[in-house]
Amino acid sequence: MAGQEQRRRRHRVVLFPLPFQGHVTPMLQLAALLHSRGLAVTVLHTAFNAPDPARHPELAFVPIREALPDEVTCPGADIARQLLALNTACEAPFRDALASLLLLRGRRGQDQDQGAVACAVVDGQCYAAVDAAAQLGVPVVALRTDSAATFRTMLAFPRLRDAGYVPIKEEMLDELVPDLEPLRVRDLIRVDGSDADALCGFIARVAGAVRSSASGVVVNTFEGIEAPELAKIRRELSLPVFAVGPLHLLSRAPAEQTTLRAPDGGCLAWLDTRPPRSVLYVSLGSVATVGHAAFEEMAWGLAGSGVPFLWVVRPGLVAGGEEEAPPPLPDGFSEEIKNRGKIVTWAPQREVLAHAAIGAFWTHCGWNSTLESVCEGVPMLVQPCFADQTVNARYVTHVWGVGTEVGEVIERGIVAEAVAKVMVGEEGARMRERAHRLKMEASAATSLSIDSLIHYISSLPT
Ligand code: UDX
């Protein structure tokens, strides 16, 4: 084993995450996993939202020294333009940093501690870096931090565009999308309005880079929930596709290692005082925003539901509001919730979802949140906001049957009803039962696919 490990450490994997929480987290979990299996790991990263090397002494970190334009770093930026600008700004610095790592080998010869670069694992949204690595002759694996179903929709975009499904038209919203059922047009990544062209262009580049430059694809999912989608991807791409999720379970990386914000652990003590399955956990992830009116309706809907809740109200949650401080709560709301609610700016989410007091999760359906909820057997109230969240929400409600929608319009009466449905209704109990079965499936997810990935990387020439 020691000899095998020694041989593998000569294989270095260079990782490059997209610098946002929902992407950094799974990439660092994958880093932990690859290192624990004997590979040497270097994380190339932007200065923007940089990970903290002190939390991962076993990994090497190298900043790429990018110069990001304001449209990337300014809060509330348009997502498509942000991703396009980020790709453009990172392309050359990423290439230079990777080329320097390749040169190191030349200088240090067979120095085993250094490990020669065998391949790069690049976030699939970083199409420019995927292409750059391939141009340097480095085998590159694209990490999909979203679901296999979402990745399929991205691969299908040219066909969907030709067939008139995107940009999305109001009159087609409820049509099922051929070959992507049960997705309806309204569940596709929202491509409409003024940024439709930018978003279509971005998705086309992401799919194009995988098809033309990637040597393989890694998806943070597992066969137990997405076997049909994975099979279709494997048929469509003539590349190895590794389903290595749920990464947070398999990597065993502690949540505090990957978070970019400090969580308020006090909420766990508060949960300890609550009866089992009595509390609704509410969080819309790290980037989604809601309008001021919807925020107020969420608050009064929670108050009207009569259900105890733990609500993450982070700075920037309300569009157009203060970015450094959390939005002010509606007048009179704090009084209303004194005995029944707890508000934090950032929660230790995985620990919260694992807590016995949690009865359901009101979520935006970011893929990490969805997986974390699935793995703890927690039913969901879904409020998808943008990007892949609509796809995930449809799978939660219509494929796995472990959640229900809050409703398209966020209004206090509707909110209170939806909360009651998932927390105390019969339908909620059925969802909880199915969620429990999914949890069992998730905990049975094996590392076979990771074994294949390690074998694949270890057999690459260095
Ligand atoms: C973004 C996109 O919104 C999402 O659609 C895509 O799938 C990934 O990138 P984000 O909004 O960050 O993701 O949501 P999500 O994927 O759910 O990731 C959020 C992460 O932050 C989760 O791992 C969650 O555990 C963590 N989190 C969130 C906390 O630790 N505390 C919180 O209070 C909120």
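Because the structure is predicted, anything quoted here is derived from the model rather than measured.

Cut-offs and rules
- Residues numbered from 1 in each chain as written.
- Predicted model: local features only at pLDDT ≥ 70, side-chain atom pairs only at ≥ 80, totals over all residues.
- Heavy atoms only, no water.
- 1 Å grid on protein atoms, 1.4 Å probe; cavity = no way out; pocket = protein on both sides within 12 Å on 5 of 7 lines; lining within 4 Å.
- Points joined across faces, edges and corners; volume = space filled by probe spheres on them.
- Helix = DSSP H or I, 4+ residues; strand = E, 2+ residues; numbered from the N terminus.
- Nonpolar A, V, L, I, M, F, W, Y, C, P; charged D, E, K, R; others polar.
- Salt bridge = Lys/Arg side-chain N within 4 Å of Asp/Glu carboxyl O.
- pLDDT = per-residue confidence, 0-100.
- Near = heavy atom within 4 Å.
- Polar contact = N/O pair within 3.5 Å; in protein donor to acceptor, adjacent residues only side chain to side chain.
- Areas by Shrake-Rupley, 256 points an atom, 1.4 Å probe, with all protein chains shown as cover.
- Buried < 20%, exposed > 50% of the residue type's maximum accessible area, 1.4 Å probe, protein only.
- Pairing = 2+ DSSP bridges.
- Axes fitted to C-alpha atoms, helices over the stretch in contact; angles between N-to-C directions.
- Contact = heavy atoms within 4.5 Å.
- Parallel < 35°, antiparallel > 145°, perpendicular 65-115°, else oblique.
- Left-handed = near helix turned anticlockwise from the far one by under 90°.

> Break down empty space enclosed by the protein for me, with residues and values.
Counted by the stated rule, this structure contains 1 cavity of 30 Å³ or more. By volume, the largest cavity is sized at about 30 Å³. In this structure, the largest cavity is lined by Phe16, Leu86, Asn87, Cys90, Glu91, Cys126, Ala128 and Ala129. For the lining of the largest cavity, the secondary-structure elements that each account for two or more residues are helix H4 (79-108) and helix H5 (127-135). Sort the elements by how many residues they give to the lining of the largest cavity and H4 lands first, with 4 residues. Tallied by class, the residues present in the lining of the largest cavity amount to 6 nonpolar, 1 polar and 1 charged.

> Now, about the pattern of salt bridges: what can you tell me, with residues and values included?
Scanning all chains against the criterion turns up 14 salt bridges. A salt bridge links Glu408 to Arg186, with the nearest nitrogen and oxygen atoms 3.3 Å apart. Residue Glu408 is located in the loop between strand E13 (403-405) and helix H18 (412-423), and its partner Arg186 is located in the loop between helix H7 (157-162) and helix H8 (196-213); the two are separated by 222 residues in the primary sequence. Because the salt bridges share partners, they merge into one network encompassing Asp174, Arg186 and Glu408.

> So what about the confidence of the model for the chain? Which residues, and what values?
Of the residues in the chain, 95% reach a pLDDT of 70 or more, and the chain-wide mean stands at 92. Under the prediction, the complex receives an ipTM of 0.98, its pTM being 0.94.

> Could you give me a rundown of the site of the ligand, with the residues and numbers involved?
Every one of the 21 residues lining the ligand counts as a neighbour, but Ser286, Ala347, Ser369, Glu372 and Asp388 are closest to it. Within the contact set of the ligand, a nitrogen atom lies 2.7 Å away from a backbone nitrogen or oxygen of Ala347. Take His364: an N or O atom from its side chain is 2.9 Å from an oxygen atom of the ligand. Look at the ligand: alone it shows 650 Å² of surface, and the protein chains cover 94% of it. When residues in the shell around the ligand are grouped by element, the largest group, 4 residues, is from helix H16 (residues 367-376).

> Pulling in residues and values, what's your account of H16?
Across the 10 residues that make up H16, a large majority, 9, are buried. For H16, every residue scored as buried is listed here: Trp367, Asn368, Ser369, Thr370, Leu371, Glu372, Ser373, Val374 and Cys375. One or two steps after H16, the chain reaches Gly377, where phi turns positive at roughly 70°.

> Mind laying out the sheet that holds strand E10 (residues 341-344), listing which residues take part and the relevant values?
Taken together, the 6 strands give an open sheet; going across it, the order is E10-E9-E8-E11-E12-E13, and neighbouring strands pair in parallel fashion. The sheet is open, and its two borders are formed by E10 and E13, each paired with just one other strand. Neighbour to neighbour, the strand axes of the sheet diverge by 20° on average, direction disregarded. Across 4 bridges, strand E9 (residues 309-312) lies against E10 in parallel orientation. For Leu310, the partnering residue across the bridge sits in E10 and is Lys342. Contacts from helix H17 (residues 389-399) reach strand E12 (380-382) and E13, with the element oriented near 120° to E13.

> Can you explain unusual backbone geometry? Please cite residues and give values.
In this model, Val166 is joined to Pro167 through a cis peptide bond whose omega is -5°. With respect to the helices, strands and loops of the structure, Pro167 is situated in the loop between H7 and H8. The residue Cys365 is not glycine, and still its phi comes out positive at about 70°. Position of Cys365 relative to the elements: it lies in the loop between strand E11 (358-363) and H16.

> Talk me through the sheet that holds strand E6 (residues 216-219); I want residue IDs and the actual numbers.
Reading across the sheet, the 7 strands line up as E3-E2-E1-E4-E5-E6-E7 and stay open at both edges, with parallel pairing between neighbours. Only two strands of the sheet have a single partner each, and these edge strands are strand E3 (60-63) and strand E7 (241-243). The average undirected angle you get between the axes of adjacent strands in this sheet is 25°. Where strand E1 (residues 11-16) lies against strand E2 (residues 40-45), 4 bridges are found, and the strand directions are parallel.

> Give a description of the packing of helix H2 (residues 21-36) against helix H20 (residues 448-458) that names residues and reports values.
Taken N-terminus to C-terminus, the directions of H2 and H20 make an angle of 70°; their axes are 11 Å apart at the nearest point. Between H2 and H20, the interaxial angle falls into the category roughly perpendicular. In terms of crossing hand, the pair formed by H2 and H20 is right-handed. Listed contacts from H20 to Leu30, Leu33 and Leu34 of H2 are Ile450, Leu453, Ile454 and Ile457. Here the residues of the contact of H2 with H20 sort into 7 nonpolar, no polar and no charged.

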